[in-house]
Amino acid sequence: MRAEDLDITTLLSADAEAGALHFAGLRALIVDAGALGALRRDVVDALGVAGGRSLLTRFGYVQGWRAAEALRGRFASASAHAMRDAGGRLGVLQGMLRIAPGTGPMTPEGATVAASYEAEQHLQHCGRADAPVCWTLAGFASGYLSCVERRDIVVLEDRCVACGDRSCRFVARPREAWGETLTPHAAYLPPAGPPRSERAAVTLEDELQSRSPAIQRTLELARRVAAVDSSVLLLGDSGTGKDRLARFIHARSRRAAAPFLAVHCGAIPEPLLESELFGHARGAFTGATRDRVGMLEAAGAGTLFLDEVGEMSPAMQVKLLRALQQRELRRVGENHPRPLHARIVAATHRDLAAAVEQGGFRRDLYYRLRVVELRLPPLRARQEDILPLARALLASACARVGRSEMSLGTAACERLLHHSWPGNVRELENAMERAAALAAGPQVEADDLPDDIAAAPVKRTGSLQQLEHAAIVEALGRHGGHQQRAAAELGISPSTLYRRLRKQRA
Ligand SMILES: Nc1ncnc2c1ncn2[C@@H]1O[C@H](COP(=O)(O)OP(=O)(O)OP(=O)(O)O)[C@@H](O)[C@H]1O
């Protein structure tokens with residue numbers, strides 16, 4: 001890709017009927033620059049120049065970062081140089097500015113910019129300025145270049161038409177290279193790295209991190225399959241994380257900037273599911289008072305997650321298969337086809353291969369959906385994951401309820417490890433949520449767990465050390481983790497109990 005190859009006709013798509021425009025795959029709006037100028041004035045009046053600059057720089061930064069992500073998705077093989085230039089070209093195509101040929105923010109001379117909409121609007125609505133005011137544009141360039149370069153790039157404007165200069169000038173440098181010059185600007189700059197709105201996708205991988213070798217294999221396959229466009233079928237019991245894995249794949253695919261939509265096929269009654277997936281035309285059936293876009297269409301160039309696809313009726317299976325084969329769909333009550341762009345990721349807790357053998361699920365659809373099959377094992381088969389996951393889920397539950405961080409007591413850990421987890425990670429998540437809400441102290445005790453999370457079974461055989469460990473854990477469990485009472489019951493001093501626990505943990 002070369003920057004000059006980017007042109008408005010390929011980047012901009014308009015679906016007038018759906019009331020949506022997309023630019024580089026991102027939903028976009030056509031906004032009157034004059035209205036933005038008026039908004040700027042109100043922002044400056046309300047927050048002062050410093051507040052306005054900070055807010056609008058951040059706004060630009062998010063825009064720039066998202067634009068870079070969107071372009072990266074479309075031009076995976078473009079060089080870093082081409083990607084850098086493409087950012088300026090995007091600004092031109094969006095009508096924000098004009099860049100003098102041969103100049104660029106990363107060059108030592110910086111980018112010379114004419115026709116900055118922002119300087120023009122500032123002059124019109126706020127009057128002449130003492131210092132450069134193209135805050136959104138500087139933010140845009142910082143966000144765009146930081147995302148492309150994968151390091152913190154700060155762009156500053158040092159000449160501005162709003163201050164009486166003939167043109168605006170933007171200079172980009174890595175944050176550390178600015179040295180002292182950055183100090184007066186530091187308060188206005190967004191924090192380094194992805195903007196807050198984009199962090200969910202970035203940290204998704206961490207959240208799915210697991211010690212279980214089976215999950216590690218699944219994640220490795222998921223990363224590889226994310227890069228291609230094949231259909232993926234996710235298998236696993238309810239609550240094992242299929243929805244989360246589908247989002248993980250989407251976030252790492254070239255489609256990441258486009259929507260991720262999910263339909264729970266088992267939860268929607270048959271007659272409504274067709275309209276949910278395919279949409280309908282006004283008057284197609286009683287109650288269809290206006291046109292409706294279905295999820296297959298609304299997912300656009302993104303990903304549609306079909307959860308519990310095994311619950312789909314035979315008639316719906318035929319319709320879905322036809323749409324996937326022909327890559328086109330028809331809204332209910334319409335005759336003309338529309339292109340289907342979305343990638344399908346399907347999931348089921350059922351044994352779909354068995355359902356195919358028994359005639360409950362179409363073989364041809366099964367093969368089309370499971371070009372790649374990924375399996376998530378139940379939590380009870382991932383013993384090594386239980387405590388790390390419990391701690392991570394407890395930490396986020398504490399953050400949600402506004403509590404400072406809590407730890408898991410020994411007896412609580414034993415109970416968690418001995419439970420069979422029929423509800424998988426969802427059940428563990430609920431247990432941690434409950435503990436964060438109800439626990440009296442800073443540590444989750446066995447009593448803070450739901451009653452059905454079984455107590456550790458009595459161990460009657462094993463080495464002396466194992467028997468001792470079991471006796472201590474059970475006593476702690478009976479006394480809600482209270483070490484003094486457990487020690488009294490066992491006839492040892494609290495310090496002996498503490499010492500032995502530490503030894504066993506080590
Ligand atoms: N590895 C993980 N780390 C953190 N949370 C997880 C993980 N796996 C699953 N969860 C959480 O557990 C809950 C259940 O996960 P999810 O909805 O993805 O499961 P599912 O298999 O799609 O369930 P169902 O089949 O019932 O729809 C969610 O709240 C999810 O955020």
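About the cut-offs
Residues numbered from 1 in each chain as written. Predicted model: local features only at pLDDT ≥ 70, side-chain atom pairs only at ≥ 80, totals over all residues. Heavy atoms only, no water. Helix = DSSP H or I, 4+ residues; strand = E, 2+ residues; numbered from the N terminus. Buried < 20%, exposed > 50% of the residue type's maximum accessible area, 1.4 Å probe, protein only. Contact = heavy atoms within 4.5 Å. Areas by Shrake-Rupley, 256 points an atom, 1.4 Å probe, with all protein chains shown as cover. Lys, Arg positive; Asp, Glu negative; His and termini not counted. Charge placed at Lys NZ, Arg CZ, Asp CG, Glu CD. pLDDT = per-residue confidence, 0-100. Salt bridge = Lys/Arg side-chain N within 4 Å of Asp/Glu carboxyl O. Disulfide = S-S within 2.5 Å. 1 Å grid on protein atoms, 1.4 Å probe; cavity = no way out; pocket = protein on both sides within 12 Å on 5 of 7 lines; lining within 4 Å. Points joined across faces, edges and corners; volume = space filled by probe spheres on them. Nonpolar A, V, L, I, M, F, W, Y, C, P; charged D, E, K, R; others polar. Pairing = 2+ DSSP bridges. Phe/Tyr/Trp six-rings, centres within 6.5 Å; stacked < 30°, edge-to-face > 60°. Lys NZ or Arg CZ within 6 Å of the ring centre and 35° of its normal. Core = buried A, V, L, I, M, F, W, Y, C linked by side-chain atoms within 4.5 Å.

Engineer: It is not clear to me how the overall build of the protein should be interpreted in this structure. Could you clarify?
Structural biologist: Across its full length, the protein carries 20 helices and 18 strands. Overall, the C-alpha framework of the protein stretches about 85 × 65 × 40 Å when taken along its three principal axes. A total of 506 residues make up the protein; the buried ones form 45% of that total. Long-range contacts, defined as pairs at least 24 residues apart, comprise 67% of the intrachain contacts of the protein with a sequence gap of at least 6. Counting every atom, the protein has about 25,400 Å² of accessible surface; 52% of that belongs to carbon and sulfur. With 65 positive and 58 negative side-chain charges, the protein shows a separation of 3 Å between the mean positions of the two kinds.

Engineer: Can you walk me through the confidence of the model for the protein in this structure?
Structural biologist: Regions with low pLDDT carry predicted coordinates that are not meant to be interpreted in detail. Counting all residues, the mean pLDDT for the protein is 87, and 92% of those residues have values of 70 or more. Summarising per-element confidence for the protein, the mean pLDDT is lowest in helix α7 (residues 196–207) (51) and highest in helix α4 (residues 117–126) (97). Residue range residues 200–206 is modelled with pLDDT below 50. Its contacts to residues more than four positions away, or to other chains, number 11 contacts.

Engineer: I keep staring at the pattern of salt bridges and nothing clicks. Help me out?
Structural biologist: A pair can form between side chains of opposite charge whenever their charged atoms are brought close. Following the criterion strictly, the structure yields 23 salt bridges and no others. Here glutamate 220 and arginine 223 are joined by a salt bridge, their closest N and O atoms 3.5 Å apart. With a gap of 3 residues between them, glutamate 220 and arginine 223 both fall in helix α8 (residues 213–227), about one helical turn apart. The class of glutamate 220 is partly exposed, set by a relative accessible area of 35%.

Engineer: Can you help me understand the state of the cysteines in this one?
Structural biologist: By definition, a disulfide links the sulfur atoms of two cysteines through a covalent bond. The final tally for this structure, using the stated rule, is 0 disulfides. Summary of cysteine pairing: cysteine 168 is not part of a disulfide, and the nearest cysteine sulfur, belonging to cysteine 134, is at 4.0 Å.

Engineer: Would you mind showing me how to read empty space enclosed by the protein here?
Structural biologist: Which parts of space are left empty comes out when a probe the size of a water molecule is rolled across the atoms. Using the criterion set out here, one finds 2 cavities of 30 Å³ or more in the structure. When grouped by side-chain class, the residues that make up the lining of the second largest cavity number 5 nonpolar, 1 polar and 2 charged.

Engineer: I'm lost on the sheet that holds strand β7 (residues 168–174) in this one. Help?
Structural biologist: With antiparallel pairing, 4 strands are arranged side by side in an open sheet as β4-β5-β7-β6. Of all the strands in the sheet, just β4 (98–99) and β6 (153–159) have a single pairing partner and so form its edges. In this structure, β4 lies alongside strand β5 (residues 111–114), joined through 2 bridges in antiparallel fashion. Looking at β5, one finds that arginine 98 is bridged to alanine 114.

Engineer: What exactly am I supposed to notice about unusual backbone geometry here?
Structural biologist: A negative phi holds for most residues other than glycine; trans holds for most peptide bonds. You will see that glutamate 308, though not glycine, has its phi angle at about 50°, which is positive. Within the fold, glutamate 308 resides in the loop between β12 (303–307) and α12 (314–326).

Engineer: What am I meant to see in the packing of aromatic side chains here?
Structural biologist: Applying the stated rule across the entire model yields 4 aromatic pairs. Taking the centre distance of 6.3 Å and the plane angle of 10° together, the rings of phenylalanine 140 and tyrosine 144 count as stacked. Here the residue phenylalanine 140 and the residue tyrosine 144 both occupy positions in helix α5 (residues 135–149), the gap between them amounting to 4 residues, near one helical turn. Comparing phenylalanine 140 with tyrosine 144 shows no difference in burial state: the two are buried. Taking 6.2 Å as the distance between ring centres and 25° as the angle between the ring planes, the aromatic pair formed by phenylalanine 260 and phenylalanine 305 counts as stacked. Of the two residues, phenylalanine 260 sits in strand β9 (residues 260–264) while phenylalanine 305 sits in strand β12, which places them 45 residues apart along the sequence. Accessibility classification places phenylalanine 260 together with phenylalanine 305 in one group, the buried group. In this structure, arginine 173 is placed above the aromatic ring of tryptophan 178, and the distance from its NZ or CZ to the ring centre is 4.5 Å. Against the face of phenylalanine 248 rests arginine 252, its NZ or CZ located 4.2 Å from the ring centre.

Engineer: Looking at this structure, how should I read α4?
Structural biologist: Counting along an α-helix, one turn takes 3.6 residues, and residues three or four places apart therefore face a common direction. Tyr117, Glu118, Ala119, Gln121 and His122 are the residues of α4 that are buried. A positive backbone phi angle near 85° is found at glycine 127, which sits one or two residues after α4.

Engineer: I'm lost on the pairing of β12 in this one. Help?
Structural biologist: The two faces of a sheet get side chains in turn, since along a regular strand they alternate between them. Burial analysis of β12 places 5 of its 5 residues in the buried class, the great majority of the element. Here β12 shows no split at all, with Thr303, Phe305 and Asp307 on one side and Leu304 and Leu306 on the other all buried. Bridge count for β9 against β12 is 5 bridges, and the pairing is parallel. Among the inter-strand pairings, valine 263 is bridged to a residue of β12, identified as leucine 306. Inspection of the sheet shows β12 paired to strand β15 (residues 343–348) by 4 bridges, in the parallel sense. Counted as the bridge partner of leucine 306 is alanine 346 from β15.

Engineer: Would you take a moment to explain the layout of surface pockets for this structure?
Structural biologist: When its volume is computed, the second largest pocket comes out at roughly 880 Å³. In this structure, the second largest pocket is lined by 28 residues; those nearest its centre are Ala28, Leu29, Val31, Gln63 and Gln94. Here the lining of the second largest pocket gets 8 residues from one element, more than from any other, and that element is helix α2 (residues 33–74). For the lining of the second largest pocket, the class distribution of residues is 21 nonpolar, 4 polar and 3 charged.

Engineer: Can you help me understand the nonpolar core in this one?
Structural biologist: Nonpolar side chains tend toward joint burial in soluble globular proteins. Grouped together as the largest cluster of nonpolar side chains are 42 residues, with contacts concentrated most on Leu11, Leu71, Tyr144, Cys160 and Phe170. Among the elements of the structure, α2, α3 (80–93), α4, α5, β6 and β7 are those that each provide at least two residues to this core. Per element, the largest residue contribution to this core is 9 residues, and it comes from α5. Apart from the residues lying within four places of it in its own chain, the contact partners of leucine 71 are Leu6, Leu11, Met83, Ala86, Leu90 and Tyr144. Counting residues in hydrophobic clusters, the runner-up holds 31 residues, among them Leu235, Cys265, Phe278 and Leu365.

Engineer: Which parts of the structure should I look at to understand the environment of arginine 224?
Structural biologist: Residue position: arginine 224 is located in helix α8. Judged by relative accessible area, arginine 224 falls into the exposed class, the value being 54%. The sequence separation of arginine 224 and isoleucine 249 amounts to 25 residues, and the corresponding C-alpha distance is 9.0 Å.

Engineer: Looking at this structure, I do not really get the pairing of β7. What am I missing?
Structural biologist: With respect to burial, β7 is a largely interior element, 5 of its 7 residues being buried. Note: β5 against β7, 3 bridges, orientation antiparallel. Note on β7: the bridge partner recorded for valine 113 is cysteine 168. As defined by bridge partners, β6 adjoins β7 across 6 bridges and the pair is classed as antiparallel. Bridging from a neighbouring strand, arginine 159 pairs with arginine 169 of β7.

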